[in-house]
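Chain residues, written in single-letter form:
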Amino acid sequence: MRERLAGTDTAADLIDALRTQNRQLLAALEESERQHEELQRLNAELEETNAGVMALYSELTSELQATNSGVVALYAELEDKTRQLEVAHESKTRFWANVSHELRSPVNSVISLARLLLDAGADPLSDEQRQQVALVQASGSTLLALVDELLDVAKAESGRLEPHPVDTDLRSLLHQLRGTLRGTAQPGVALHIPDESQWGPLLTDEVMLTRILRNVLSNALKFTTEGSVTLTVTEVDGDSGPRFVFRVQDTGVGIPADELDRVFEEFYQVRGPHQRGRAGTGLGLPYARRLTQLLGGSLTLGSEVGVGTTVVVDIPALSARPTPETTAEPAATVEPAPAAPAYDSRAESAGAGPGLAAPDVPLTERGGPPEPSPHAAVNSVVVVDDDETFVAGFRTLLTAYAGSVTVVTDSALAVGTVERERPDIVFLDLNMPGTDGYEVSRLLAANPATARVPVVVLTALEPADVDRTRLAQVRLVLNKSRLTSAGLAAAVRQAALRPPQSFAIDSPAPPRTEERR
């Protein structure tokens, strides 16, 4: 019995265990189903999220492609605009250069005619007429200064300005500036330029340095009504070698602090009552800074309203010397030529028509010009100049000093004409189409038949702008805008009497005339 009862308990336990396992299995199945449903739900959400991501990716891809297309189009447009700006800039520079050059001739004529009318040897004028002619001359000189500024900036922007370092005599350079600018100071303003003798050598482009200092000093004198304008020169040892520091200090109106950077923008002028009656283009300081940079230096400016302005030009004392292949040794020393000007638009007022003698035809045979003086200084001269209106006025003066005048308006015929005519003097313009005056001078010097004929240059360029290295046979350089009858007479005498072996380029010694600037 006991054994039977024990077996009955064991079966019951087995049944209870089986039931328990069944319940656990059902619970596991339910949990598995629940997890499966949760997994399905998560898969559905993931698929939905993936679909959203793909949609967003597609949208972003489309937007990026559209943006890239826009960037490419914008880049192409910018390139096109850049090319247009380059063309416009080149056209502007070419326009400045061409227009400025074309303006010089008629302006020089106006100045020359006015100077001749005011000359002591001209027919007397009434006081009112003299005042009016003097006003014409002053206005023409102002216009010529503005044209020169435009031409200088055009050269700088076109990249045609390259420094040509030479051994520079600073004392001579400062002496020239002192004589040029002394007459431009306003009453009551003292101009102090030292009589500097440098201790160390100065190897730089003398022409550029002269222009820089002239622009800075002129600007200081323009806006200083009382007090002084002072130039000081200091030689210092810098990290890269010796340097020259030029400091121009004035007691003028000064520049507001917020305008200091803008004064170096082209054509910008500080507004205010101080501008009244002071002509200018706003190109002086920008041009001076550009030239200073070309010399390897810097130009800085400091100013205080009502106190004055200080401009500091810092340049290296020793610039790289040009190679022999590109720069020839100068055959002569060029001195400023303060006595000589041009006559352009004055043909009719000079008694000659607008048409000029054809090349190689002596003017004395055409009947237009006055009869030569019986006391002519030379027998014959040849004038090589393509500006017919200038020659029409110039020949009027020449007939007083030369027995015959031969005009060549085509520079290609110049050497042949000089060889045939064997004149006592050749008057030669520099700026001519085709063969320019420099090349004509070289060809004359290279030809044994013409090498000893004195050559006098007539040019609208300032003396500092004349290329000294390319003049071999030139005796004198005369500036067209400052020509007077006395200056021409002195030039003829000096050129005719100077020995052929002496090729100094200087100026005649007529009565001192005021510098244009």
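Above this note sits the structure.
Since the structure is predicted, the reported quantities are computational estimates derived from the model, not experimental observations. (Residues numbered from 1 in each chain as written. Predicted model: local features only at pLDDT ≥ 70, side-chain atom pairs only at ≥ 80, totals over all residues. Heavy atoms only, no water.)

**A look at the overall build of the protein chain**
So, step 1. Looking only at helices and strands, the protein chain has nine helices and 13 strands in total.
So, step 2. Sorting the 517 residues of the protein chain into buried and exposed places 41% on the buried side.
So, step 3. Here the analysis covers contacts within the protein chain between residues at least 6 apart in sequence; of these, 74% occur between residues at least 24 apart.
So, step 4. Of the roughly 27400 Å² that the protein chain leaves accessible, carbon and sulfur atoms contribute 55%. (Helix = DSSP H or I, 4+ residues; strand = E, 2+ residues; numbered from the N terminus. Buried < 20%, exposed > 50% of the residue type's maximum accessible area, 1.4 Å probe, protein only. Contact = heavy atoms within 4.5 Å. Areas by Shrake-Rupley, 256 points an atom, 1.4 Å probe, with all protein chains shown as cover.)

**Looking at the sheet that holds strand β6 (residues 298-304)**
So, step 1. Within the open sheet, the five strands sit side by side as β2-β4-β5-β7-β6. Their pairing is mixed. Each end of this open sheet is capped by a strand with a single partner; those strands are β2 (189-192) and β6. Shown here is a sheet whose adjacent strand axes are inclined to one another by a mean of 15 degrees, direction ignored.
So, step 2. Note that strand β4 (residues 227-238) and strand β5 (residues 241-250) share ten bridges and pair antiparallel. Paired with threonine 234 across the bridge in β5 is valine 245.
So, step 3. The strands touched by helix α3 (residues 170-181) are β2, β4 and β5; relative to β4, the strand with the most contacts, the crossing angle is about 165 degrees.
So, step 4. The sheet contacts of helix α4 (residues 206-222) involve β2, β4, β5, β6 and β7 (308-316), and relative to β5 the element is tilted by about 20 degrees. (Pairing = 2+ DSSP bridges. Axes fitted to C-alpha atoms, helices over the stretch in contact; angles between N-to-C directions.)

**Focus on the nonpolar core**
So, step 1. The biggest cluster of nonpolar side chains holds 43 residues, and the ones touching the most others in it are Leu174, Leu177, Leu217, Phe244, Phe246, Leu301 and Ile315.
So, step 2. Elements represented by at least two residues in this core include exactly α2 (127-157), α3, α4, β4, β5, α5 (284-294), β6 and β7.
So, step 3. Take this core: its biggest share by element is eight residues, from α4.
So, step 4. Ignoring sequence-local partners within four residues, the contact set of leucine 217 consists of Leu177, Leu181, Leu191, Ile193, Val229, Leu231 and Val248.
So, step 5. Grouped together as the second largest cluster of nonpolar side chains are 25 residues, Leu398, Leu458, Leu488 and Val492 included. (Core = buried A, V, L, I, M, F, W, Y, C linked by side-chain atoms within 4.5 Å.)

**Overview of the packing of aromatic side chains**
So, step 1. This structure, assessed with the given rule, holds two aromatic pairs.
So, step 2. Residues phenylalanine 244 and phenylalanine 246 carry aromatic rings whose centres are separated by 6.4 Å and whose planes lie at 20 degrees to one another, so their mutual orientation is stacked. Phenylalanine 246 shares its class with phenylalanine 244; the two are buried. (Phe/Tyr/Trp six-rings, centres within 6.5 Å; stacked < 30°, edge-to-face > 60°.)

**Details of helix α9 (residues 485-497)**
So, step 1. Taking 1.5 Å of rise per residue, 13 residues should cover 18 Å, and α9 covers 18 Å from first to last C-alpha, within 8% of that figure.
So, step 2. Turning to α9, its buried residues are Ser485, Gly487, Leu488, Ala489, Ala490, Ala491, Val492 and Ala495. (Expected span 1.5 Å × (residues − 1).)

**Side note on unusual backbone geometry**
Negative phi characterises most residues that are not glycine, and trans characterises most peptide bonds.
So, step 1. In this structure, arginine 422 takes a positive phi of about 50 degrees despite not being glycine.
So, step 2. Along the chain, arginine 422 falls in the loop between α7 (414-421) and β11 (425-429).

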